[in-house]
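If you want the building blocks of each chain, they are given just below.
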Amino acid sequence: MLVSRLSAVRTQMIKHLVKAPLTSAPKTGNFSGHYGYIFHNPKHQTYSSTTAHEEGDKKVEEISVTFVDKDEMEKHIKIPVGMSILEAAHENDIELEGACEGSCACSTCHVIVRDMEYYNKLEDPTDEENDMLDLAFGLTETSRLGCQMVAKPELDGICLELPSATRNFAVDRYAKAT
Amino acid sequence: MANFQAGTWLFRTFSTVASQPLRVCVVGSGPAGFYTAEKMLKAHQEAEVDIIDRLPTPFGLVRSGVAPDHPETKIVVNQFMRVAQHERCSFFGNVTLGSSVTLLELRELYDVVVLAYGAESDRVLGIPGEDLSGVYAAREFVWWYNGHPNCRYLNPDLKSSDTAIILGQGNVALDAARILLRPTTELATTDIASHALAALEDSSIRKVYLVGRRGPVQAACTAKELREILGIKDLHVHIKETDLLTTPADEEEMKNNRIRKRVYELLSKAAMTRPSHPSSDARELHFVFFRKPNKFLESDERSGHVSGVRLEKTKLIGIRPGERTAAGTGQFEELGCGIVLKSIGYKSVPVDGLPFDHRKGVVPNVRGCVLSDTSGDPTLLEKGLYVCGWLKRGPTGIIATNLYCAEETVASISEDIKLGRLTSSSNSGREGLLQLLDNRNVRVIPFRDWEKIDSEERRLGNLRNKPREKLATLEELQKVATD
């Protein structure tokens, strides 16, 4: 099951790669279930700017993403197309948890897409992602898992909110107690 | 505003004047303990955090609770390992709160004590026959297949009958059912304990009944675990179509609860799917809704052994708006089996000197600050004593729940520091604890010794094409740690 989901992600990646062709191989390492890989090697060789320049289309190479943290502080980053939001967050020191390191087995990389218009540009969540979203704290209509969101040109300018855990925890506990 | 400034000033005073560190002891090294340690280290640069555990091995239920066929759920251990290797963090295994060191002693040694030792006992049904042999708590069964040293010799009887009954329909029940039903060839490449794998390979169990007091809309499992068990190869799933009829109250419940709705949909879909080709060695999974256990039946042939469960039919009745309970109808039926697993909830166990709410099975607390009694008076606080995880909020939730739970407890600690409620005294912390344990001849297992166990387990696993071969007795664990 893990394998089929991973290949789905890969297929999704390949679709984007067709739109923005790159000569180097996609970062399959991230999706091979190789534990501990993602966060320990922040600098990969793929998606080098040189490659993108050669392709001559700078616009599709990187997209702008804004993260809004628990204290409403905004952080603007650039994410290469094809990279997952979770990985991008970690490379940019954004405090997004990733307990299962991107294998869609926890809900800790939950993010909220601020704008419904952007949310609608995302592929529908798989059953497996929905299973995890079921358990996410402070779930909203536009919640997604960061590990399952892959940067693509249409998402340029997207704003992602990190759920305020403490507040939601108190609310969730209250809701369950009553 | 004045208060806030005073608080800030005190906080600064604490952190600058305190040339000695803030000494923190976390009891229990499962997710609640490790998330607490991680957040304490991050929030307080002066904090030194010691994590103690009664076992030689860290990670609590990630090691002994998470099912062996869920390796992706265990990846969080990587994060916990980085915490344990932090320069201001230490792990001391083989140290039992209550016998190696008392709570009073810990509180004297440390500025802050956070109890995160979980729930290591079980709720009981309180019905006749509960202590017949063949009736186990699901926790014991889970510990057994996960190589927990306390259940190494459980030897559940999987041979005398082809039927197991599991009471409960939560994720623990589903895990146990899946381990009983899944082809052992698939389990063989997991980190399942070898004694359990051997017993399962030899098991006669072909039918598993999952019994719930309420209906498919109220089933306590989550969609992931349900989807997984329904997907087992050559498994015949039996769900009575009449059980799937919903009432307006059920519809309302599903409208307000996404998990309930998705679980119900999965069950409905499974009920409609008929197996295409019956195979000779087919295994069966039966969902039994609206039944509660009334009595465990004793075998005629094998005295003292369970041979079945008498179940009472139930119906749901509203007790207050939005809340319904399963009430007995006085109609009974019997279901035969050779083994029963009770999966009706875990229970925490208190230690000497710890306020405890026996009714709720948790330590009385306000946002993680331990209260002196169960009166609910939030001003009667136990200075420097905190709680996190199942001991704080009861045995529910997923690993990630502890992330938020720890965040809340650490916020409470930070608040107490800010308000000057904690005083960094002459407490000797780590050195004092190790001295005390040494005097008592407690053989402490530090993290580097656990790493020896870890690498030996991986080495043994490698020989059998498993990620890990768990050492499942205290003797083996201590031997490898000491060598």
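Every chain is numbered on its own, with residues counted from 1 as its sequence reads. Chain letters start at A and ligand numbers start at 1, both assigned in the order the entries are written. Thresholds applied to this predicted model are a pLDDT of at least 70 for local features of residues and 80 or more for the giving and counting of side-chain atom pairs; totals over whole chains, interfaces and linings are not thresholded and use all residues. Computation of side-chain values covers all heavy atoms of the structure but excludes hydrogens and water.

- For chain B, the name recorded in an unreviewed UniProt entry is NADPH:adrenodoxin oxidoreductase, mitochondrial, with Pyrus ussuriensis x Pyrus communis as its organism.
- As stated in UniProt under Sequence similarities (unreviewed entry), the record for chain B gives "Belongs to the ferredoxin--NADP reductase type 1 family."
- UniProt positions are given in the numbering used here, feature names are shortened, and annotations may be inferred rather than shown by experiment. If you open the UniProt record of chain B and go to Cofactor (unreviewed entry), you find "FAD".

- As annotated in an unreviewed UniProt entry, chain A carries the name Adrenodoxin and is attributed to Pyrus ussuriensis x Pyrus communis.
- What UniProt states about chain A under its Cofactor (unreviewed entry) heading is, verbatim, "[2Fe-2S] cluster".

**Some points on the overall build of chain B**
Piece 1. Per the secondary structure count, chain B includes 17 helices and 19 strands.
Piece 2. Relative to its length of 483 residues, chain B is compact, with a C-alpha radius of gyration of 24 Å against a globular reference of 23 Å.
Piece 3. A principal-axis box enclosing the C-alpha atoms of chain B has dimensions of 75 × 55 × 40 Å.
Piece 4. Note on exposure labels: buried denotes an accessible area under 20% of the residue type's maximum, exposed denotes more than 50%, and partly exposed covers the range between, all computed with a 1.4 Å probe on protein chains only. Counting across all 483 residues of chain B, residues that qualify as buried make up 58%. Labels follow the DSSP assignment, with helices taken as runs of H or I lasting at least four residues and strands as runs of E lasting at least two, numbered in each case from the N terminus. Here the globule rule is a power law, 2.2 Å times the number of residues to the power 0.38, and the radius of gyration is based on C-alpha atoms.

**Focus on helix α16 (residues 447–463) of chain B**
Residue and element names in this part refer to chain B.
Piece 1. Any helix carries an expected span of 1.5 Å times its number of residues minus one. In this model α16 runs 24 Å from its N-terminal to its C-terminal C-alpha over 17 residues, within 8% of the 24 Å that 1.5 Å per residue would give.
Piece 2. Residues of α16 that are buried: F447, D449, W450, I453, D454, E457 and G461. Taken end-on, α16 shows its buried residues confined to a sector of 155 degrees, consistent with a single buried face. The exposed set on the far side of α16, more than 90 degrees from its buried face, consists of R448, N462 and L463.
Piece 3. Pairs of residues are marked as contacts when any of their non-hydrogen atoms sit within 4.5 Å. The inward-facing, buried residues of α16 abut α3 (60–64), α4 (76–84), β3 (89–93), β19 (445–446) and α17 (474–482).
Piece 4. At the exit of α16 stands N465, carrying a positive phi of roughly 60 degrees. By definition, the arc is the one covered by directions from the helix axis to the C-beta atoms.

**Regarding the sheet that holds strand β7 (residues 163–167) of chain B**
All names here are of chain B.
Piece 1. With parallel pairing, the six strands of this open sheet are ordered in space as β6-β14-β7-β8-β10-β9. Single-partner strands in this sheet number two, and they are β6 (135–137) and β9 (235–239). Pairs of neighbouring strands in the sheet enclose a mean axial angle of 20 degrees, with direction left out of account.
Piece 2. With axes taken as lines fitted to C-alpha atoms, and helix axes fitted only over the stretch in contact, angles between N-to-C directions fall between 0 and 180 degrees. Against the sheet, helix α6 (residues 138–145) makes contact with β6 and β14 (339–342), and its axis sits at roughly 75 degrees relative to β6, the strand it touches most. Pairing between two strands is assigned when DSSP locates at least 2 bridges connecting them.

**Quick look at the pattern of salt bridges**
Piece 1. The working definition used for a salt bridge is a side-chain nitrogen of Lys or Arg within 4 Å of a carboxyl oxygen of Asp or Glu. Using the criterion set out here, one finds 51 salt bridges over all chains in the structure.
Piece 2. Between A:K152 and A:E154 there is a salt bridge, with its nearest N and O atoms 4.0 Å apart.
Piece 3. Beyond isolated ion pairs, a larger network of salt bridges with shared partners links A:D127, A:D131, A:D134, B:R227, B:R258 and B:R262.

**Here's the deal with the interface of chain A and chain B**
Piece 1. In this complex, chain A contributes 28 residues to the contact, which on the side of chain B involves 29 residues.
Piece 2. Both faces considered, chain A and chain B share a buried interface measuring about 2,700 Å² in area, 57% of it formed by carbon and sulfur atoms.
Piece 3. Inspection of the chain A/chain B interface yields eight salt bridges.
Piece 4. The salt bridge involving B:R258 is made with A:D134; its shortest N-O contact spans 2.5 Å.
Piece 5. Here a polar contact is recorded for every N or O atom pair within 3.5 Å, except that within protein the pair must consist of a potential hydrogen donor and a potential acceptor, and residues adjacent in sequence are included only if both atoms are side-chain atoms. Run the count over chain A and chain B and you get ten residue pairs in polar contact (both at pLDDT 80 or more).
Piece 6. Taken together, the elements giving at least two residues each to the side of chain A that touches chain B come down to α6 (127–133) and α7 (165–177) of chain A. Values labelled buried area give the accessible surface lost by two parts on being combined, using a 1.4 Å probe and summing over both.

**Focus on the environment of B:T102**
Residue and element names in this part refer to chain B.
Piece 1. When you line up the elements, T102 lands in the loop between β3 and α5 (103–109).
Piece 2. On the basis of relative accessible area, T102 is assigned to the partly exposed category, the value being 31%.
Piece 3. Distance in space between the C-alpha atoms of T102 and G353 is 8.5 Å, their sequence separation being 251 residues.

**Some points on unusual backbone geometry**
Piece 1. One non-glycine residue, A:E72, lies in positive phi territory at about 65 degrees.
Piece 2. With respect to the helices and strands, A:E72 occurs in the loop between β1 (62–68) and β2 (74–80).

**What to know about the environment of A:G146**
All names here are of chain A.
Piece 1. Residue position: G146 is located in the loop between β4 (143–145) and β5 (158–161).
Piece 2. Overall, G146 belongs to the buried group, its relative accessible area being 0%.
Piece 3. For the pair G146 and K70, spaced 76 residues apart in sequence, the C-alpha separation works out to 16 Å.
Piece 4. Discounting residues that sit within four places of it in the chain, G146 has contacts with S84, I85, L86, C109 and V111.

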